[in-house]
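# Observations on chain architecture
What follows is each chain in one-letter form.
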Amino acid sequence: QKRVVISKTETELDEGKMVAFTATDPVNANLYYTYEYFPPYDNGNLQDVNPDSVPDPTAQSELLPAQPFRFTTAGTHVLKGIGIANGYSDNLITSVYEIKEVPAPFIEPVQNEDGTYMVSIQALEGEGASIQYTLDGTDPVRNGNGMLYTEPFPITEPGWTTVKAIAYKTGYVT
């Protein structure tokens, strides 16, 4: 007997990941799912995840929605789906997604010999992360207000300057 065929599509987002399950054979198969979430650094519960456990279409499962799932919270997301159709054997698909968070960058003012300051901004993790910063005290927004950090820069205005920065990377959350 043929098994229900389920295809999975994954897309990296600016913030997190998008996942879609689709029945491809037969296209009218019912897809049911269960979802579990584990916060970051709470891996103790991950040992309880059984990838072979089957969602029960009459109990804890829900009919799979037409729209894709968006995972935009740091932590571990476990998505299980089962395809059911008359004349086909059931098929189970399990996907585990670890969504990581890019930590806030480290801002370091360095005083030059002449008393002026240079500012260096370092991403603490996430090789390849981009950094956006502002000098007017407003919160920087990814691809929004502020400037893209590329190298240390001087502070030329007398008095106090408030430097704020965020680090970001495709597929991660900030």
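A few points on the structure. (Residues numbered from 1 in each chain as written. Predicted model: local features only at pLDDT ≥ 70, side-chain atom pairs only at ≥ 80, totals over all residues. Heavy atoms only, no water.)

### Some thoughts on the sheet that holds strand β5 (residues 69-71)
- If you trace the three strands from one edge of the open sheet to the other, you get β1-β2-β5, paired in antiparallel fashion. Strands at the two margins of the open sheet, each flanked by one partner only, are β1 (5-13) and β5. Along the sheet, successive strands turn relative to each other by an average axial angle of 20°, direction set aside.
- In terms of strand pairing, strand β2 (residues 16-25) meets β5 through three bridges, oriented antiparallel. (Pairing = 2+ DSSP bridges. Helix = DSSP H or I, 4+ residues; strand = E, 2+ residues; numbered from the N terminus. Axes fitted to C-alpha atoms, helices over the stretch in contact; angles between N-to-C directions.)

### Describing unusual backbone geometry
- Of note, the amide linkage connecting Asp25 to Pro26 takes the cis form, showing an omega dihedral of -5°.
- Looking at the element boundaries, Pro26 is found in the loop between β2 and β3 (30-38).

### Quick look at the sheet that holds strand β9 (residues 117-122)
- Here we have three strands laid out as an open sheet, ordered β8-β9-β12, and antiparallel in their pairing. The sheet is open, and its two borders are formed by β8 (106-111) and β12 (153-155), each paired with just one other strand. When strand polarity is set aside, the average angle formed by the axes of neighbouring strands in this sheet is 35°.
- Strand direction decides the pairing type here: β9 and β12, joined by three bridges, are antiparallel. Residue pairing for β12: Met118 is matched across the bridge by Pro154.

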